[in-house]
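Chain by chain, the residues:
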Amino acid sequence: MGIKDKELREDEIRAYYLKILRNQLSISDLSKTQILQIIFFAEDELNKAISNINEYLIANPGTTFDYWTKVNKNYQDSMVVIDLLKPMANKITHENLESLSQHFTIQEEYAKKYNWKLGELPEHFESITSIDLFMLTLESCC
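Note that the coordinates shown come from a computational prediction; the quantities given were computed from them, not determined experimentally.

A. Looking closely at the side chain of Glu45. Relative to the elements of secondary structure, Glu45 occurs in helix H2 (residues 32-59). By relative accessible area, Glu45 is classed as buried at 9%.

Structure below.
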């Protein structure tokens, strides 16, 4: 099983995050899911760093946010990973939204064609194919 073939476990995400920071891992070696997992982790790390910076600002009047971002390693590391992965993550998110929109459009067409109410089974259930059933239940499940 290659690196692209699996979703990262929670305990693996930090290791991959660090490998990206150390230039030990190419983004092209990651799957779309792995890229999103790592960028979500980096954004969480960034939020923690900002929270810490906020506490530093309160404890050290007269200092600036900009000063603390320059000395806070977690903030800097998170921004590096986010800046590296953001273009790819945005593309993946856009593709997923387009795909979801296409599924909903197809589902609506099925509903109109067979006069179905979304999320409900039609009267003549025995004539429904598996794709029809999928289209019926997609909106009610997602």
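B. The arrangement of unusual backbone geometry in detail. In this structure, Asn23 takes a positive phi of about 60° despite not being glycine. Structurally, Asn23 is set in the loop between helix H1 (10-21) and H2. For Asn23, a relative accessible area of 71% translates into the label exposed.

C. Quick look at H2. The end-to-end C-alpha distance of H2 is 41 Å, a good match for the 40 Å that 28 residues give at a rise of 1.5 Å each. Within H2, burial applies to Gln34, Ile35, Leu36, Gln37, Ile38, Ile39, Phe41, Ala42, Glu45, Leu46, Ala49 and Ile53.

D. Inspection of the pattern of salt bridges at higher detail. Overall, the coordinates contain seven salt bridges when judged by the stated rule. For Asp66, the salt bridge identified is with Lys70, shortest N-O distance 3.1 Å. Of this pair, Asp66 and Lys70 are both found in helix H3 (residues 65-71), four residues apart, which corresponds to roughly one turn of the helix. Here Asp66 falls in the partly exposed class, since its relative accessible area comes to 43%. Exposure remark for Lys70: the relative accessible area of 57% places this residue in the exposed category. One salt bridge in this structure joins Asp77 and Lys73, with 3.0 Å as the shortest N-O distance. Placement of both Asp77 and Lys73 in helix H4 (residues 73-114) is noted, with a separation of four residues, approximately one turn of the helix.

Thresholds, definitions, all that
- Residues numbered from 1 in each chain as written.
- Predicted model: local features only at pLDDT ≥ 70, side-chain atom pairs only at ≥ 80, totals over all residues.
- Heavy atoms only, no water.
- Helix = DSSP H or I, 4+ residues; strand = E, 2+ residues; numbered from the N terminus.
- Buried < 20%, exposed > 50% of the residue type's maximum accessible area, 1.4 Å probe, protein only.
- Expected span 1.5 Å × (residues − 1).
- Salt bridge = Lys/Arg side-chain N within 4 Å of Asp/Glu carboxyl O.

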